[in-house]
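These are the residues of each chain, in order.
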Amino acid sequence: MPTSSASTTDAAKPAASGGVQSLERAFDLLERMADAGGEVGLSELSASSGLPLPTIHRLMRTLVACGYVRQQPNRRYALGPRLIRLGESASRLLGTWARPYLARLVEETGETANMALLDGDEIVYVAQVPSKHSMRMFTEVGRRVLPHSTGVGKALLAHTPDEEVRALLARTGMPAATEKTITTADGFLAALADVRETGYAVDDNEQEIGVRCLAVSVPDSPTAAAISISGPAGRVTEAATEKIVPILQQVARELSTALANTTANGQA
């Protein structure tokens, strides 16, 4: 992001890409706040963005007035409540865009397909296409679960630094959904190492007895996302896994490309 001093006409200046410079800067600051955990000081934003403090202060004042940022009693700035509605709507749209790809997973594997996001410390399912089989799955759109007992949770956290994973697990706890649920941080970190080595995650009766789930992350997704298939352990066997995982990985790559094209078209 280019640097410049603040001015009263900044809002009208075109950015190099043809956009409005102050708008691009405002969104850049919001993303930097999200990357920093949602709360930052002006000096931190100035250091990371390269923008002068007067420019950042003016932009933050506007974002506060609109409700997208709030100023804390300690004078630091935090993401504001109006972003929640935007995020929820965007999550629903992401699920809508993913449905054709999930439908293809169902067609090619015969099992229920899901898409999930990491929202704070929880996993939220944003899309599902059910299998034609009658068995009802634990997962459903809108459901929130803790990441330690799910395949999508492992896929989403596989490349997160160990210390951040430990901090998340300390906040959420690791309650056992079944006798096979991983309930120690060391055990979960070992499972994440397996995901990095194999390229996919497994929930082996850990969320629901009798159900196995295979999951992969969606590479370069605009927000961290994973897709999965879930089915009875008697069908999602080790032999079936060898056939299903390459399909999951291919669909994840195609979904990633589609999401990137959607973003690019939106910027045109």
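Worth saying up front: this structure is predicted, and the values here are computed from it rather than measured.

Examining the pairing of strand β9 (residues 225-232)
β9 sits mainly inside the fold: eight of its eight residues count as buried. Here strand β8 (residues 211-217) runs beside β9; their pairing, made up of seven bridges, is antiparallel. Directly across from R212, in β9, lies its bridge partner G231.

With respect to the pattern of salt bridges
With the rule as written, the count across this model stands at 14 salt bridges. Of the charged contacts in the structure, one is a salt bridge between E111 and R235, with a shortest N-O distance of 2.8 Å. One end of the pair, E111, is in the loop between α4 (82-109) and β4 (112-119); the other, R235, is in the loop between β9 and α8 (238-267), with 124 residues separating them in the sequence. The exposure class assigned to R235 is partly exposed, which follows from its relative accessible area of 32%. Salt-bridge contacts for R212 lead to D204; the nearest nitrogen and oxygen are separated by 3.3 Å. By relative accessible area, which is 6% here, R212 ends up buried. Each of K180, D204, R212 and E238 takes part in one network of salt bridges that share partners.

Thoughts on the confidence of the model for the protein
It should be kept in mind that the predicted coordinates are not to be read in detail where pLDDT is low. Across the protein, the average pLDDT comes to 84, with 86% of residues at or above 70. Mean pLDDT per element in the protein: α4 is the minimum at 80, and helix α7 (residues 185-198) is the maximum at 97. Confidence drops under pLDDT 50 across residues 1-19; counting only partners more than four residues distant or on other chains, this segment forms 38 contacts. Predicted confidence is poor over residues 263-268, with pLDDT under 50, and the contacts of this stretch with residues over four places away or in other chains come to zero contacts.

Observations concerning the nonpolar core
Membership of the largest hydrophobic core comes to 29 residues, with the highest contact counts inside it found for L102, L105, M115, L214, I227 and L248. Those elements that place two or more of their residues in this core are α4, β4, β5 (122-129), β8, β9 and α8. In terms of residue count, the dominant contributor to this core is α8 (nine residues). When sequence neighbours within four positions are dropped, the list of residues in contact with L248 reads L105, L214, A215, V216, I227, S228 and I229. L29, V40, L42 and L63 belong to the second largest nonpolar core, which has 14 residues in total.

Quick notes on the packing of helix α1 (residues 21-35) against helix α3 (residues 53-66)
Following both chains from N to C, one finds α1 and α3 inclined at 85°, their axes separated by 10 Å at the closest point. One element, α1, and the other, α3, form an angle in the roughly perpendicular class. Residues S22, R25, A26, L29, L30 and M33 of α1 form the contact with α3, whose participating residues are T55, I56, L59, M60 and L63. Of the residues assigned to the contact of α1 with α3, the class counts are eight nonpolar, two polar and one charged.

Some points on the sheet that holds β8
Pairing between the strands of a sheet is mediated by backbone hydrogen bonds and can be parallel or antiparallel. Spatially, the six strands line up as an open sheet ordered β6-β5-β4-β9-β8-β7, and their pairing is antiparallel. If you trace the sheet from one side to the other, it starts and ends with β6 (144-145) and β7 (201-204), each paired once.

What counts and what doesn't
- Residues numbered from 1 in each chain as written.
- Predicted model: local features only at pLDDT ≥ 70, side-chain atom pairs only at ≥ 80, totals over all residues.
- Heavy atoms only, no water.
- Buried < 20%, exposed > 50% of the residue type's maximum accessible area, 1.4 Å probe, protein only.
- Helix = DSSP H or I, 4+ residues; strand = E, 2+ residues; numbered from the N terminus.
- Pairing = 2+ DSSP bridges.
- Salt bridge = Lys/Arg side-chain N within 4 Å of Asp/Glu carboxyl O.
- pLDDT = per-residue confidence, 0-100.
- Contact = heavy atoms within 4.5 Å.
- Core = buried A, V, L, I, M, F, W, Y, C linked by side-chain atoms within 4.5 Å.
- Axes fitted to C-alpha atoms, helices over the stretch in contact; angles between N-to-C directions.
- Parallel < 35°, antiparallel > 145°, perpendicular 65-115°, else oblique.
- Nonpolar A, V, L, I, M, F, W, Y, C, P; charged D, E, K, R; others polar.

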